Amino acid sequence: MSVTALIPAAGRGTRIGGARPKQFLPLAGVPMLARTLAVFQSSDDIDAIVVVVPAGEETSCRDEIVARYGVSKATRIVAGGASRQASVAAGLRALGADASIVVIHDAARPFVTAGLIRRVLAAAESSGAAIAALPVVDTLKRRSPDGRGLATVEREGLWAAQTPQAFRRDLIVEACARAAADGFLGTDDASLVERLGHPVTLVEGDPSNLKITRAGDLRVAEDVVAVGEPGR
Ligand code: CTP
Ligand code: MG
(Lines give C-alpha, C1' and ligand atoms only; values in the text may rest on other atoms or scores of the structure.)
(Ligands and ions follow the chains in the order given, each with its own letter.)
Protein backbone atom coordinates (compact mmCIF):
# COMPACT_ATOMS: atom_id res chain seq x y z
CA MET A 1 0.00 0.00 0.00
CA SER A 2 1.43 3.32 -1.06
CA VAL A 3 0.30 6.65 0.39
CA THR A 4 0.52 9.88 -1.62
CA ALA A 5 -0.05 13.34 -0.17
CA LEU A 6 -1.84 15.76 -2.51
CA ILE A 7 -1.25 19.38 -1.55
CA PRO A 8 -3.54 21.96 -3.18
CA ALA A 9 -1.48 25.15 -3.37
CA ALA A 10 -2.98 26.75 -6.47
CA GLY A 11 -5.20 29.36 -4.86
CA ARG A 12 -4.80 33.11 -5.25
CA GLY A 13 -5.24 34.11 -1.61
CA THR A 14 -7.73 36.84 -2.45
CA ARG A 15 -8.97 37.22 1.14
CA ILE A 16 -5.44 37.92 2.37
CA GLY A 17 -4.75 40.18 -0.58
CA GLY A 18 -0.96 39.86 -0.50
CA ALA A 19 1.44 40.63 -3.33
CA ARG A 20 1.85 36.87 -3.85
CA PRO A 21 -0.58 34.02 -3.14
CA LYS A 22 -0.43 33.33 0.63
CA GLN A 23 1.13 29.87 0.30
CA PHE A 24 4.31 31.51 -1.05
CA LEU A 25 4.45 34.19 1.65
CA PRO A 26 7.12 33.76 4.32
CA LEU A 27 6.08 32.73 7.79
CA ALA A 28 9.01 33.74 10.01
CA GLY A 29 11.23 33.55 6.94
CA VAL A 30 10.06 30.21 5.53
CA PRO A 31 7.31 30.06 2.87
CA MET A 32 4.04 28.62 4.20
CA LEU A 33 4.05 25.94 1.48
CA ALA A 34 7.58 24.85 2.46
CA ARG A 35 6.44 24.47 6.08
CA THR A 36 3.44 22.37 5.07
CA LEU A 37 5.51 20.18 2.75
CA ALA A 38 8.16 19.63 5.45
CA VAL A 39 5.61 17.90 7.69
CA PHE A 40 4.73 15.40 4.94
CA GLN A 41 8.37 14.98 3.93
CA SER A 42 9.31 13.96 7.47
CA SER A 43 6.28 11.71 8.03
CA ASP A 44 7.12 8.00 7.73
CA ASP A 45 3.55 7.36 6.57
CA ILE A 46 3.96 9.33 3.34
CA ASP A 47 5.62 7.79 0.27
CA ALA A 48 5.16 10.56 -2.30
CA ILE A 49 3.85 14.11 -2.58
CA VAL A 50 1.98 15.78 -5.46
CA VAL A 51 1.99 19.59 -5.26
CA VAL A 52 -0.62 21.58 -7.18
CA VAL A 53 0.38 25.18 -7.91
CA PRO A 54 -0.97 28.05 -10.03
CA ALA A 55 -0.26 27.53 -13.75
CA GLY A 56 3.13 29.00 -14.56
CA GLU A 57 4.50 28.54 -11.01
CA GLU A 58 5.63 24.91 -11.50
CA THR A 59 9.30 25.72 -12.09
CA SER A 60 9.59 28.33 -9.36
CA CYS A 61 7.92 25.94 -6.90
CA ARG A 62 10.39 23.21 -7.86
CA ASP A 63 13.44 25.46 -7.56
CA GLU A 64 12.53 27.83 -4.72
CA ILE A 65 10.55 25.51 -2.48
CA VAL A 66 10.90 21.80 -3.28
CA ALA A 67 14.64 21.82 -4.06
CA ARG A 68 15.59 24.57 -1.65
CA TYR A 69 13.88 22.96 1.35
CA GLY A 70 14.80 19.38 0.44
CA VAL A 71 11.29 18.04 -0.22
CA SER A 72 12.56 14.99 -2.12
CA LYS A 73 9.20 13.17 -1.97
CA ALA A 74 7.58 15.92 -4.10
CA THR A 75 8.46 14.54 -7.52
CA ARG A 76 5.28 15.75 -9.22
CA ILE A 77 4.38 19.44 -9.38
CA VAL A 78 1.36 20.24 -11.54
CA ALA A 79 -0.81 23.21 -12.47
CA GLY A 80 -4.14 23.62 -10.69
CA GLY A 81 -7.45 25.03 -11.85
CA ALA A 82 -9.91 27.82 -11.14
CA SER A 83 -11.45 26.13 -8.08
CA ARG A 84 -9.90 24.13 -5.27
CA GLN A 85 -11.88 21.14 -6.55
CA ALA A 86 -10.38 21.53 -10.04
CA SER A 87 -6.92 21.74 -8.48
CA VAL A 88 -7.50 18.53 -6.51
CA ALA A 89 -8.73 16.86 -9.71
CA ALA A 90 -5.49 17.92 -11.45
CA GLY A 91 -3.50 16.44 -8.58
CA LEU A 92 -5.42 13.17 -8.78
CA ARG A 93 -4.58 12.91 -12.51
CA ALA A 94 -0.88 13.19 -11.60
CA LEU A 95 -0.87 10.33 -9.06
CA GLY A 96 1.69 7.60 -9.58
CA ALA A 97 0.45 4.16 -10.60
CA ASP A 98 1.19 2.68 -7.19
CA ALA A 99 -0.73 5.21 -5.07
CA SER A 100 -3.53 3.38 -3.28
CA ILE A 101 -4.36 5.95 -0.57
CA VAL A 102 -4.45 9.73 -1.11
CA VAL A 103 -4.24 12.21 1.74
CA ILE A 104 -5.30 15.71 0.69
CA HIS A 105 -4.07 18.63 2.76
CA ASP A 106 -4.28 22.38 2.16
CA ALA A 107 -1.02 24.27 1.80
CA ALA A 108 -2.78 26.93 3.91
CA ARG A 109 -2.65 24.70 7.06
CA PRO A 110 1.07 24.64 7.83
CA PHE A 111 0.66 23.49 11.47
CA VAL A 112 -0.57 19.99 10.66
CA THR A 113 1.34 17.30 12.55
CA ALA A 114 2.58 13.85 11.59
CA GLY A 115 0.42 12.51 14.42
CA LEU A 116 -2.80 13.92 12.96
CA ILE A 117 -1.86 12.67 9.48
CA ARG A 118 -1.29 9.20 10.94
CA ARG A 119 -4.66 9.13 12.74
CA VAL A 120 -6.57 10.22 9.63
CA LEU A 121 -4.72 7.69 7.47
CA ALA A 122 -5.41 4.86 9.92
CA ALA A 123 -9.13 5.64 9.83
CA ALA A 124 -9.15 5.89 6.00
CA GLU A 125 -7.36 2.59 5.65
CA SER A 126 -10.17 0.84 7.47
CA SER A 127 -13.22 2.78 6.23
CA GLY A 128 -12.06 4.16 2.86
CA ALA A 129 -12.57 7.82 3.79
CA ALA A 130 -11.68 9.91 6.85
CA ILE A 131 -11.28 13.58 7.70
CA ALA A 132 -9.94 15.66 10.54
CA ALA A 133 -12.67 17.81 12.08
CA LEU A 134 -13.42 19.67 15.29
CA PRO A 135 -16.69 19.69 17.19
CA VAL A 136 -18.18 23.18 16.90
CA VAL A 137 -17.95 25.02 20.22
CA ASP A 138 -19.34 28.44 19.29
CA THR A 139 -23.05 29.22 19.24
CA LEU A 140 -24.00 29.55 15.60
CA LYS A 141 -26.23 32.28 14.19
CA ARG A 142 -27.85 32.55 10.79
CA ARG A 143 -28.72 35.99 9.53
CA SER A 144 -31.75 36.27 7.27
CA PRO A 145 -31.06 37.37 3.69
CA ASP A 146 -32.43 40.89 4.42
CA GLY A 147 -29.95 41.18 7.32
CA ARG A 148 -32.67 41.96 9.85
CA GLY A 149 -33.50 38.58 11.36
CA LEU A 150 -31.20 36.39 13.41
CA ALA A 151 -31.70 32.74 14.33
CA THR A 152 -29.68 30.32 16.40
CA VAL A 153 -28.59 27.15 14.60
CA GLU A 154 -28.68 23.93 16.62
CA ARG A 155 -25.03 23.09 17.36
CA GLU A 156 -25.53 19.48 18.41
CA GLY A 157 -23.76 17.13 16.00
CA LEU A 158 -21.98 19.89 14.05
CA TRP A 159 -18.29 19.53 13.21
CA ALA A 160 -15.97 21.95 11.42
CA ALA A 161 -14.03 20.08 8.74
CA GLN A 162 -10.28 20.51 8.44
CA THR A 163 -7.71 18.83 6.27
CA PRO A 164 -6.04 16.29 6.18
CA GLN A 165 -8.73 14.28 4.44
CA ALA A 166 -7.70 10.79 3.31
CA PHE A 167 -9.36 8.41 0.88
CA ARG A 168 -8.90 5.18 -0.98
CA ARG A 169 -7.69 6.31 -4.37
CA ASP A 170 -10.46 4.68 -6.41
CA LEU A 171 -13.10 6.27 -4.17
CA ILE A 172 -11.87 9.88 -4.41
CA VAL A 173 -11.21 9.54 -8.15
CA GLU A 174 -14.77 8.30 -8.70
CA ALA A 175 -16.19 11.00 -6.40
CA CYS A 176 -14.36 13.74 -8.30
CA ALA A 177 -15.47 12.42 -11.67
CA ARG A 178 -19.08 12.19 -10.50
CA ALA A 179 -19.03 15.74 -9.09
CA ALA A 180 -17.59 17.09 -12.35
CA ALA A 181 -20.23 15.23 -14.39
CA ASP A 182 -23.01 16.60 -12.15
CA GLY A 183 -21.63 20.15 -12.01
CA PHE A 184 -21.36 19.87 -8.21
CA LEU A 185 -18.81 22.11 -6.51
CA GLY A 186 -18.00 21.24 -2.91
CA THR A 187 -15.95 23.17 -0.36
CA ASP A 188 -14.04 20.09 0.73
CA ASP A 189 -13.14 16.69 -0.68
CA ALA A 190 -15.25 14.61 1.69
CA SER A 191 -18.42 16.31 0.43
CA LEU A 192 -17.83 14.68 -2.96
CA VAL A 193 -17.51 11.25 -1.35
CA GLU A 194 -20.59 11.80 0.84
CA ARG A 195 -22.62 12.32 -2.38
CA LEU A 196 -21.76 8.77 -3.41
CA GLY A 197 -23.39 7.54 -0.19
CA HIS A 198 -20.05 6.33 1.13
CA PRO A 199 -19.48 6.84 4.88
CA VAL A 200 -16.75 9.25 5.97
CA THR A 201 -15.07 8.74 9.35
CA LEU A 202 -14.57 11.80 11.58
CA VAL A 203 -11.23 11.98 13.34
CA GLU A 204 -10.87 14.62 16.06
CA GLY A 205 -8.58 17.27 14.57
CA ASP A 206 -6.23 19.66 16.24
CA PRO A 207 -7.21 23.24 17.19
CA SER A 208 -3.69 24.38 16.33
CA ASN A 209 -4.12 23.09 12.75
CA LEU A 210 -5.17 26.61 11.72
CA LYS A 211 -6.20 27.53 8.22
CA ILE A 212 -4.61 30.77 7.20
CA THR A 213 -7.36 32.65 5.43
CA ARG A 214 -7.28 36.35 6.38
CA ALA A 215 -4.49 38.80 7.15
CA GLY A 216 -5.08 38.42 10.90
CA ASP A 217 -4.46 34.66 10.61
CA LEU A 218 -1.04 35.41 9.18
CA ARG A 219 -0.16 37.39 12.30
CA VAL A 220 -1.44 34.61 14.57
CA ALA A 221 0.63 32.14 12.56
CA GLU A 222 3.75 34.27 13.05
CA ASP A 223 3.13 34.12 16.80
CA VAL A 224 2.61 30.35 16.72
CA VAL A 225 5.91 29.91 14.87
CA ALA A 226 7.69 32.23 17.31
CA VAL A 227 6.46 30.19 20.29
CA GLY A 228 7.40 26.91 18.58
CA GLU A 229 10.87 28.12 17.71
CA PRO A 230 12.15 29.79 20.90
CA GLY A 231 15.28 31.83 20.55
CA ARG A 232 14.43 33.05 17.10
N1 CTP B 1 -6.55 26.13 -3.73
C2 CTP B 1 -6.14 25.52 -4.92
N3 CTP B 1 -6.71 25.90 -6.11
C4 CTP B 1 -7.66 26.84 -6.14
C5 CTP B 1 -8.11 27.45 -4.93
C6 CTP B 1 -7.53 27.06 -3.73
O7 CTP B 1 -5.26 24.66 -4.89
N8 CTP B 1 -8.17 27.20 -7.32
C9 CTP B 1 -5.86 25.76 -2.47
C10 CTP B 1 -5.25 26.96 -1.76
O11 CTP B 1 -3.95 27.24 -2.31
C12 CTP B 1 -5.22 26.53 -0.32
C13 CTP B 1 -6.42 25.57 -0.23
O14 CTP B 1 -6.80 25.25 -1.55
O15 CTP B 1 -4.05 25.82 0.03
C16 CTP B 1 -7.57 26.18 0.56
O17 CTP B 1 -8.08 27.30 -0.15
P18 CTP B 1 -8.23 28.77 0.44
O19 CTP B 1 -7.82 28.81 1.86
O20 CTP B 1 -9.57 29.25 0.06
O21 CTP B 1 -7.09 29.56 -0.37
P22 CTP B 1 -7.27 30.57 -1.58
O23 CTP B 1 -8.35 30.09 -2.49
O24 CTP B 1 -5.93 30.81 -2.15
O25 CTP B 1 -7.73 31.91 -0.82
P26 CTP B 1 -8.99 32.84 -1.16
O27 CTP B 1 -10.20 31.92 -1.12
O28 CTP B 1 -8.96 33.88 -0.09
O29 CTP B 1 -8.72 33.39 -2.53
MG1 MG C 1 -10.39 29.88 -1.77
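Below you will find a few notes about this structure. Note that the structure is predicted; figures quoted are calculated from it, not measured.

1. Side note on the overall build of the chain
For step 1, the next point in the chain: Check the secondary structure of the chain and you find seven helices and 11 strands.
For step 2, the next point in the chain: For the chain, the C-alpha radius of gyration of 18 Å lies close to 17 Å, the compact-globule estimate for 232 residues.
For step 3, the next point in the chain: Taken along its principal axes, the extent of the C-alpha atoms in the chain is 50 × 40 × 30 Å.
For step 4, the next point in the chain: Counting only residues that meet the buried cut, the chain has 46% of its 232 residues in that class.
For step 5, the next point in the chain: Sequence-distant contacts, at least 24 apart, represent 74% of the contacts inside the chain between residues at least 6 apart.
For step 6, the next point in the chain: Within the structure as shown, the chain displays about 11,500 Å² of accessible surface, and the carbon and sulfur contribution to it stands at 52%.

2. Quick notes on unusual backbone geometry
For step 1, the next point in the chain: The step from threonine 163 to proline 164 runs through a cis peptide bond, and the omega angle for that step is 10°.
For step 2, the next point in the chain: Within the secondary structure layout, proline 164 lies in strand β10 (residues 159-168).
For step 3, the next point in the chain: A positive phi angle, near 45°, is found at alanine 28, a position not held by glycine.
For step 4, the next point in the chain: Topologically, alanine 28 is positioned in the loop between β2 (26-27) and β3 (30-31).

So, how was this worked out
Residues numbered from 1 in each chain as written. Chains lettered and ligands numbered in written order. Predicted model: local features only at pLDDT ≥ 70, side-chain atom pairs only at ≥ 80, totals over all residues. Heavy atoms only, no water. Helix = DSSP H or I, 4+ residues; strand = E, 2+ residues; numbered from the N terminus. Rg over C-alpha atoms; globule rule 2.2 N^0.38 Å. Buried < 20%, exposed > 50% of the residue type's maximum accessible area, 1.4 Å probe, protein only. Contact = heavy atoms within 4.5 Å. Areas by Shrake-Rupley, 256 points an atom, 1.4 Å probe, with all protein chains shown as cover.

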